[in-house]
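Topology and contacts: notes
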Amino acid sequence: TLSFPGLKQPVEVIFDAEGTWHIFARNDHDAAFAQGYLHARDRFWEMDFNRRLASGTLSELVGMNALSQDIELRTIGLRRAALRSWQASDAQTKGVLKAYAAGVNAWLANNPLPPEYGALEITKAERWTPVDSLVVAKALAFQLSFDLDIGLTVNFMAYQQAGQIGGFSGTA
């Protein structure tokens, strides 16, 4: 059972046999808070890496080798777009994003950073914000927009070509 300042009611989290967590909350705010807390517990390094990548600040974390990528992503402007989306969001959406960020930050305030930070000699991470969640979502959408879903078409054309060579109907 999770109980933190900022939760409206206690939240129950159950872990199944595979270690997957299931959140039981009485309202969206508390469910989002618990999800943020658990995401941070399990994946904060990845979350921080991805927000920095999408925001064009990865070189602040991993050094100069990421600078050219930072310049490219700042030029594309996913963080600026995330900020505009935040400003245009309705109160309910903002509430859920704030609750999620509060959950992430509750974990950060009460736990040591993941071991990846030690290798970089970093002892403190920036607090999570609602805009961080939006910029990561925009980066995922941006990345997925370049996926080519043509596997079935390529296979079909290969069958047709094989049929022409082998004397059978590859279309069938």
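Provided above is the structure to which this section pertains.
By convention here, each chain's residues receive numbers from 1 onward along its written sequence. Local features are withheld for residues below a pLDDT of 70 in this predicted model, meaning they are given only at 70 or higher, and side-chain atom pairs are given and counted only at 80 or more; totals for whole chains, interfaces and linings count all residues. As a convention, hydrogens and water are excluded, and side-chain values are obtained from all of the structure's heavy atoms.

Here we look at the pairing of strand 1 (residues 12-15)
Basically, it comes down to this: Strands are treated as partners if at least two bridges between them are detected by DSSP. Numbering of helices and strands runs from the N terminus; a helix is a DSSP stretch of H or I covering at least four residues, while a strand is a stretch of E covering at least two.
Note: strand 1 against strand 2 (residues 21-24), four bridges, orientation antiparallel. When the bridges of strand 2 are listed, Ile14 appears paired with His22. If you look at the hairpin formed by strand 1 and strand 2, you'll find five residues sitting between the two strands, and Gly19 has a positive phi there, around 85°.

Regarding the packing of aromatic side chains
The following threshold applies: We call Phe, Tyr and Trp rings a pair once their centres come within 6.5 Å, taking the six-membered ring for Trp, and we label the pair stacked below 30 degrees between planes, edge-to-face above 60, and tilted otherwise. Each residue's exposure class comes from its accessible area (1.4 Å probe, protein chains only) as a fraction of the maximum for that residue type: buried when under 20%, exposed when over 50%, partly exposed otherwise. A positively charged side chain is recorded as over a ring if its NZ (Lys) or CZ (Arg) lies within 6 Å of the ring centre. The angle to the ring normal must also be within 35 degrees.
Summed over all chains, the structure comprises seven aromatic pairs. Here the aromatic rings of Phe4 and Phe33 are separated by 5.7 Å at their centres, their planes lie at 45°, and the arrangement is tilted. Of this pair, Phe4 sits in the segment before strand 1 while Phe33 sits in helix 1 (residues 28-55), and the two are 29 residues apart along the sequence. Like Phe33, Phe4 is buried. Centre to centre, the rings of Phe4 and Tyr37 are 5.0 Å apart; their planes meet at 45°, and the pair counts as tilted. Of this pair, Phe4 sits in the segment before strand 1 while Tyr37 sits in helix 1, and the two are 33 residues apart along the sequence. Among the aromatic residues, ring-to-ring pairing joins Phe44, Trp45, Phe49, Trp107, Tyr117 and Trp128 into one connected group. Sitting above the plane of the Trp86 ring, Lys94 keeps its charged end 5.1 Å from the centroid.

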